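Coordinates in review
Spelled out from the first residue to the last, the chains are:
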Amino acid sequence: MKAIIIDDEPLARSIIKEYLQPYTGIVLAEECNDGFEGLKAIQQQQPDLIFLDIQMPKINGFEMLELVDNPPLVIFTTAFEEYAIKAFDAHAADYLLKPFSKERFDKAIQKMLLQKNNMAQAVAATALQTISQQSHRIVVKDNGKIKIIPLQQVQYIEAADDYVKIFTPEGHFLKKKTMQYFEDSLPPQEFIRIHRSYIVNAQLITRITPYEKDSHIALLTNGAQLPVSKAGYAKLKTVLGI
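Residues numbered from 1 in each chain as written. Predicted model: local features only at pLDDT ≥ 70, side-chain atom pairs only at ≥ 80, totals over all residues. Heavy atoms only, no water.

**Description of the packing of aromatic side chains**
When we look at a pair of aromatic rings, we describe it by the centre distance and by the angle of the planes. Going by this rule: Working definition: a ring pair exists when centres of Phe, Tyr or Trp rings (six-membered ring for Trp) sit within 6.5 Å. Plane angles under 30 degrees give stacked, over 60 give edge-to-face, the rest tilted. The helix and strand labels rest on DSSP assignments: H or I over at least four residues marks a helix, E over at least two residues marks a strand, and numbering proceeds from the N terminus. Burial classes: relative accessible area under 20% of the type maximum marks a residue as buried, over 50% as exposed, and values in between as partly exposed (1.4 Å probe, protein chains only). Geometrically, a charge over a ring is one whose NZ (Lys) or CZ (Arg) sits within 6 Å of the ring centre while staying within 35 degrees of the ring normal.
Evaluation of the coordinates by the stated rule reveals eight aromatic pairs. Centroid distance phenylalanine 62 to phenylalanine 76: 5.4 Å. Interplanar angle 50°. Geometry classified as tilted. Here phenylalanine 62, found in helix α3 (residues 61-66), pairs with phenylalanine 76, found in strand β4 (residues 73-78); they are 14 residues apart in sequence, far enough to count as distant. For phenylalanine 62, a relative accessible area of 1% corresponds to the buried category. Taken together, a centroid distance of 4.3 Å and an interplanar angle of 15° make the contact between tyrosine 156 and phenylalanine 167 stacked. One end of the pair, tyrosine 156, is in strand β8 (residues 156-160); the other, phenylalanine 167, is in strand β9 (residues 163-168), with 11 residues separating them in the sequence. Linked through ring pairs, Tyr19, Phe51, Phe100 and Phe105 together constitute an aromatic cluster. Positioned over the ring face of tyrosine 181 is lysine 177, at 4.6 Å from the centre of the ring.

Written out as structure tokens, the structure reads:
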């Protein structure tokens, strides 16, 4: 097995390397200081296993996983116990709370190997569907680069086949998620599903005008005109108090 360590603490990385020495079947391919380096290493090395810290500079471990199309097996290593449930929701092989002993590390390796045998490579396929939104930002890839979009910059979201278009003052960005995902994840008092193909930032609506039977048009501060379905209009009236 090929492994990568992603942790911003040199001491933590050295402990993992020391504990890995007896496992001749696990080859350490690379060690990384943050999520950006980790993402690049995963793309280049295609590891079977990563040891992943959560709280790191720039982007955290969960956000990094969200940008990996087919995540490898993951053993989380962190000093924060409150992330345990979220880690296992991401199908983590195990969750090591720092500082951890060699005995606890060995148990994590055994659990990981068992999971590998039972599940093959189907481990972190549902990588934490709400963490970015709960952090008040959305992480996307833009021409091979990682871009972090604060929620307050999101004007509206439009369905685009298997992707969505996220519109901001800088332009629009694609993300491979569903409209239902964003409807469930975004703050419901701020972002409203006004149409099967549109979610809008309610604070940017300047006017709602009738269009055809049972439908309306929402005018935004940026000049955009978005269709509003009958169900979407009912949601708008509830949220906006009209």
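Anyway, onward from the coordinates.
**Observations concerning the nonpolar core**
Going by this rule: The definition of a nonpolar core used throughout is a set of buried Ala, Val, Leu, Ile, Met, Phe, Trp, Tyr and Cys residues joined through side-chain atoms within 4.5 Å. Contact criterion: two residues are considered in contact whenever any of their non-hydrogen atoms come within 4.5 Å of each other.
By size, the foremost hydrophobic cluster in this structure holds 23 residues, and its most contacted members are Ile6, Ile50, Leu52, Met64 and Phe76. Of all elements in the fold, only β1 (2-6), α2 (35-45), β3 (49-52), α3 and β4 reach the threshold of two or more residues within this core. The contacts of isoleucine 6, once residues within four sequence positions are left out, are Cys32, Asp34, Gly38, Ile42, Ile50, Phe51, Leu52, Asp53, Met56 and Met64. Ile5, Tyr23, Phe100 and Ile109 belong to the second largest nonpolar core, which has 18 residues in total.

**A word on the confidence of the model for the protein chain**
The line we're drawing: Values of pLDDT, the confidence the predictor places in each residue, fall between 0 and 100.
The pLDDT averaged across the protein chain works out to 88; a share of 91% of its residues lies at or above 70. Mean pLDDT across the elements of the protein chain ranges from a minimum in helix α6 (residues 131-134), with 47, to a maximum in strand β12 (residues 198-201), with 97.

**Thoughts on the pattern of salt bridges**
Test applied: Throughout this description, the term salt bridge denotes a Lys or Arg side-chain nitrogen within 4 Å of a carboxyl oxygen of Asp or Glu.
All chains considered together, the criterion is met by 14 salt bridges. The salt bridge partner of lysine 98 is aspartate 53, with a shortest N-O separation of 3.7 Å. In this pair, lysine 98 is assigned in the loop between β5 (94-97) and α5 (102-119) and aspartate 53 in the loop between β3 and α3, connecting sequence segments 45 residues apart. With relative accessibility at 3%, the residue aspartate 53 sits in the buried group. Where lysine 147 meets glutamate 170, a salt bridge forms, and the shortest distance between an N and an O atom there is 3.1 Å. On the criterion of sequence distance, the pair formed by lysine 147 in strand β7 (residues 145-150) and glutamate 170 in the loop between β9 and β10 (171-175) is long-range, its members being 23 residues apart. On the basis of relative accessibility, which here comes to 53%, the residue glutamate 170 falls in the exposed class. Members of the salt-bridge network, linked through shared partners, are Asp7, Glu9, Asp53 and Lys98.

**Some points on the sheet that holds strand β13 (residues 205-210)**
Note the threshold: Here, strands pair whenever DSSP counts at least two bridges between them. To get an axis, fit a line to the C-alpha atoms, keeping to the stretch in contact for a helix; angles then go from 0 to 180 degrees between the N-to-C directions.
The antiparallel open sheet is built from three strands, whose spatial order is β13-β14-β15. Where the open sheet ends on each side, the last strands, each with one partner, are β13 and β15 (225-228). Averaged over all pairs of adjacent strands, the angle between their axes in this sheet comes to 25°, without regard to strand direction. Direction of pairing for β13 relative to strand β14 (residues 216-220): antiparallel, over a ladder of five bridges. In the strand pairing of β14, proline 210 is matched with histidine 216.

**Description of the sheet that holds strand β2 (residues 27-32)**
Sheet architecture is open: five strands sit in the order β2-β1-β3-β4-β5, paired in parallel fashion. The sheet terminates laterally at β2 and β5, the two strands that pair on one side only. Along the sheet, successive strands turn relative to each other by an average axial angle of 20°, direction set aside. In this sheet, β2 lies alongside β1 in parallel orientation, the contact comprising five bridges. Residue pairing across strands places alanine 3 opposite leucine 28, the latter belonging to β2. Running at roughly 180° to β2, helix α1 (residues 10-20) makes contact with β1, β2, β3 and β4 of the sheet.

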